[in-house]
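# Per-entry structural report
Here is how the chains run, residue by residue.
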Amino acid sequence: MVSKEKKAEITQRFGGSAVNTGNPEVQIALLTEHIAQLSAHCEANKKDHHSRRGLIMLVSKRKNLLNYLAKNDIQRYRNIVSTLGLRK
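Below, the structure is looked at part by part. (Residues numbered from 1 in each chain as written. Predicted model: local features only at pLDDT ≥ 70, side-chain atom pairs only at ≥ 80, totals over all residues. Heavy atoms only, no water.)

### Observations regarding the side chain of Ser 51
As for its placement among the helices and strands, Ser 51 is situated in helix α3 (residues 49-72). A polar contact is formed between the side chain of Ser 51 and the side chain of Asp 48, at a distance of 2.8 Å. Each residue touching Ser 51, except ones within four places of it in the same chain, is listed here: Leu 38, His 41 and Cys 42. (Helix = DSSP H or I, 4+ residues; strand = E, 2+ residues; numbered from the N terminus. Polar contact = N/O pair within 3.5 Å; in protein donor to acceptor, adjacent residues only side chain to side chain. Contact = heavy atoms within 4.5 Å.)

### Some thoughts on the nonpolar core
If you look at the biggest cluster of nonpolar residues, it comprises 19 residues, and the most contacted ones within it are Phe 14, Ile 28, Leu 66, Ile 80 and Val 81. Secondary structure elements with two or more residues in this core: α1 (4-15), α2 (24-44), α3 and α4 (74-84). Take this core: its biggest share by element is eight residues, from α2. (Core = buried A, V, L, I, M, F, W, Y, C linked by side-chain atoms within 4.5 Å. Buried < 20%, exposed > 50% of the residue type's maximum accessible area, 1.4 Å probe, protein only.)

So, in structure tokens, the structure goes:
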């Protein structure tokens, strides 16, 4: 899980304030951080298929949010993809 301090820092960076968690950019950034941590866990524990399923679900959720952002505001989409270094 993402620590409370890290979550507040990501929310501040991408949302403008520490309480703006509904912003799609904030949600995508938080999911990216969680995906990175879960990927490292799955690399270390190859037989943990339950966590792998959760990882796939998080990637899918992030993909849906990115599609939503690309459909509604292409400039914000391009900014978040370049800032987080995602392959799209």
